[in-house]
Each structure stands twice: as C-alpha cells, then as structure tokens.
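Close look at the chain arrangement
The residues making up each chain are set out below.
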Amino acid sequence: MSTITITDAAHDYLADLLSKQNTPGIGIRVFITQPGTQYAETCIAYCKPGEQKAEDTALGLATFTAWIDAVSEPFLDDAVVDYATDRMGGQLTIKAPNAKVPMVNEDSPLNERISYYLQTEINPGLASHGGEVSLIDVVEDGIAVLKFGGGCQGCGQVDLTLKEGIEKTLLERIPELKGVRDVTDHSIKENAYY
C-alpha cells in the first residue's frame with residue numbers, strides 16, 4: 001500500500017481543477033521521472049479514464065482517483081502532496097523525501113546495482129544522443145561487460161564515454177567493481193594500443 005499523503009487542501013484544489021476538465025471520471029496520476037537519482041522530479045498529471053497503466057496502484061480519494069505509477073511507488077514513500085496558500089495565491093507542493101534515494105544498497109547483488117546505476121544515472125545522459133547501455137555480464141573478478149545500443153553503436157566517442165563517464169561513475173558507486181569493458185572489445189591485451 002502506498003504511503004503517499006494527499007492533504008484535504010490539496011484534494012480540494014485538485015478536485016476543483018479536475019471539475020473544470022469536463023471529463024467524467026478524470027483523475028490524477030502521480031509519477032517520478034528518473035526516480036532514485038539526483039534528477040528525480042515528482043510529477044502530477046491529469047489522468048483520463050483508460051490513460052492509467054495496468055500496473056498503477058489506484059488510490060481512491062473522496063471525489064477522484066489518484067493513480068500511482070508502479071515504478072515510482074517505492075520512491076513515493078512518505079510523500080506529501082499539499083496545497084499552501086500565500087499572499088500570491090496558492091500552489092500545490094509535493095514533498096517526496098525518498099524520490100532520490102536509490103532502491104539498491106551494498107547488499108544488493110552486483111549485477112542489480114550495476115544495472116540500477118546504468119538505468120538511473122548513465123542512460124538518461126546517453127538518451128540525449130539516442131543511445132543507451134546495458135549490462136551483459138560481470139566477468140573475471142568484477143569487470144562489467146556492457147553493450148551499447150541506439151546512437152552509441154559505432155560512435156567514435158564510445159571508448160571515451162566508457163572510460164571517462166561510465167566507468168568513473170560505476171567505480172564511484174560500486175567500490176568492488178574493477179572496471180568496465182564494451183562487449184565489442186575483443187582486443188587481446190598483448191596487441192592493444194596504448
């Protein structure tokens with residue numbers, strides 16, 4: 001069960017907004033973009049009937065339903081949606097203390113931690129170039145074998161991205177990781193260029 005709190009003031013404000021949409025059964029959907037990272041943003045959007053996702057959790061409120069995004073739900077623990085008035089009028093506030101907290105820890109399996117940081121920290125940056133990276137395997141005492149896809153394939157900057165960006169980030173986050181390698185890197189160490 002979600003522990004998100006929507007205060008009465010927020011409920012009344014949202015209910016008023018929803019009533020102006022002229023859409024019977026319209027509700028809201030609460031989700032977080034890039035949950036578990038420093039870039040996490042908590043969002044509330046209108047949700048017309050049928051727009052919710054099958055895996056969403058329905059939070060039945062007095063006059064409408066709030067649909068909670070399944071991926072975001074753990075990060076919305078202890079979140080509070082409130083409506084605060086001030087002399088400028090009022091505004092909806094969302095406090096989600098756990099939005100940026102990673103859902104992995106030192107005890108999580110190595111491959112889960114690598115995949116988590118790839119999804120939350122590395123891929124959002126690569127997405128602006130239409131690229132992505134995924135974990136294939138962890139080999140030989142902690143070397144992560146990664147596969148580039150999308151706009152990263154065949155890009156001349158892949159080696160630099162791999163070493164300067166991805167490897168640095170992963171080694172900072174996961175101390176026992178020894179390094180990363182591109183799945184297409186078949187170079188034999190003796191013949192490698194330095």
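Residues numbered from 1 in each chain as written. Predicted model: local features only at pLDDT ≥ 70, side-chain atom pairs only at ≥ 80, totals over all residues. Heavy atoms only, no water.

Following the sequence through the fold, His11 ends up in helix α1 (residues 8-19). If near-sequence neighbours (up to four positions away) are discounted, His11 is found in contact with Ile6, Leu61, Ala62, Thr63 and Phe64. (Helix = DSSP H or I, 4+ residues; strand = E, 2+ residues; numbered from the N terminus. Contact = heavy atoms within 4.5 Å.)

A few words on the sheet that holds strand β1 (residues 5-6). Judged by pairing direction, the sheet is mixed, and its three strands sit side by side in the order β1-β6-β7 without closing on themselves. Of all strands in the sheet, those with a lone pairing partner are β1 and β7 (89-95), marking the two edges. As defined by bridge partners, β1 adjoins strand β6 (residues 80-86) across two bridges and the pair is classed as parallel. Across the sheet, residue Thr5 finds its bridge partner in β6, namely Val80. (Pairing = 2+ DSSP bridges.)

Moving on, we get to the sheet that holds strand β5 (residues 65-68). Pairing is mixed in the open sheet, where four strands are placed in the order β3-β2-β5-β4. Edge strands, defined here as strands with exactly one partner in the open sheet, are β3 (41-47) and β4 (57-60). On average, each strand axis in the sheet is inclined to that of its neighbour by 25°, with strand direction left out of account. (Axes fitted to C-alpha atoms, helices over the stretch in contact; angles between N-to-C directions.)

So, about the pattern of salt bridges. Summed over the entire model, instances satisfying the criterion amount to five salt bridges. Its salt-bridge partner being Glu172, residue Arg173 comes within 3.5 Å of it at the nearest N-O pair. Given the relative accessible area of 31%, Arg173 is considered partly exposed. For Glu172, a relative accessible area of 60% gives the class exposed. In the salt-bridge network here, residues are joined through shared partners; they are Arg29, Asp56 and Asp69. (Salt bridge = Lys/Arg side-chain N within 4 Å of Asp/Glu carboxyl O. Buried < 20%, exposed > 50% of the residue type's maximum accessible area, 1.4 Å probe, protein only.)

As a further point, take helix α2 (residues 110-127). In a regular helix each residue adds 1.5 Å, so 18 residues correspond to 26 Å; α2 covers 24 Å between its end C-alpha atoms and thus fits that length. The largest bend in α2 amounts to roughly 40° and is located at Leu118. By the burial criterion, the buried members of α2 are Arg113, Ile114, Tyr116, Tyr117, Leu118, Thr120, Ile122, Asn123 and Leu126. (Expected span 1.5 Å × (residues − 1). Bend = angle between axes of the 7 residues up to and from the residue.)

Counting across every chain of the model gives two aromatic pairs. Between Tyr13 and Tyr83, the ring centres sit 4.2 Å apart and the planes meet at 15°, which makes this aromatic pair stacked. Pair noted here: Tyr13 is in helix α1 and Tyr83 is in strand β6, with a separation of 70 residues, a long-range link. A centroid spacing of 5.2 Å and a plane angle of 80° characterise the contact between Tyr116 and Tyr117, whose relative ring orientation is edge-to-face. Judged by its relative accessible area of 12%, Tyr116 is buried. Using a relative accessible area of 10% as the deciding quantity, one classes Tyr117 as buried. (Phe/Tyr/Trp six-rings, centres within 6.5 Å; stacked < 30°, edge-to-face > 60°.)

Bringing α1 into the picture now. Compared with the 16 Å implied by 1.5 Å per residue over twelve residues, the 16 Å span of α1 between its first and last C-alpha is a close match. All buried positions along α1 are accounted for by Ala10, His11, Leu14, Ala15 and Leu18. Each buried residue of α1 sits inside an arc of 130° when the element is viewed along its axis, so together they form one side. Those residues of α1 that are buried lie in contact with β1, β2 (27-33), β3, β6 and β7. (Arc of directions from axis to C-beta.)

Attention shifts here to the pairing of β6. Taken together, the seven bridges between β6 and β7 define a ladder with antiparallel strand orientation. Each bridged residue has a counterpart across the sheet, and for Val80 the counterpart in β7 is Lys95. Counting the residues that bridge the hairpin from β6 to β7 gives two residues.

It is worth spelling out the side chain of Glu167 at this point. You can see Glu167 is positioned in helix α3 (residues 158-173). Judged by its relative accessible area of 14%, Glu167 falls in the buried class. Among the polar contacts made by the side chain of Glu167, one reaches the main-chain amide nitrogen of Val180 at a distance of 2.9 Å. Those residues in contact with Glu167 that lie beyond four places of it in its chain are Leu162, Gly179 and Val180. (Polar contact = N/O pair within 3.5 Å; in protein donor to acceptor, adjacent residues only side chain to side chain.)

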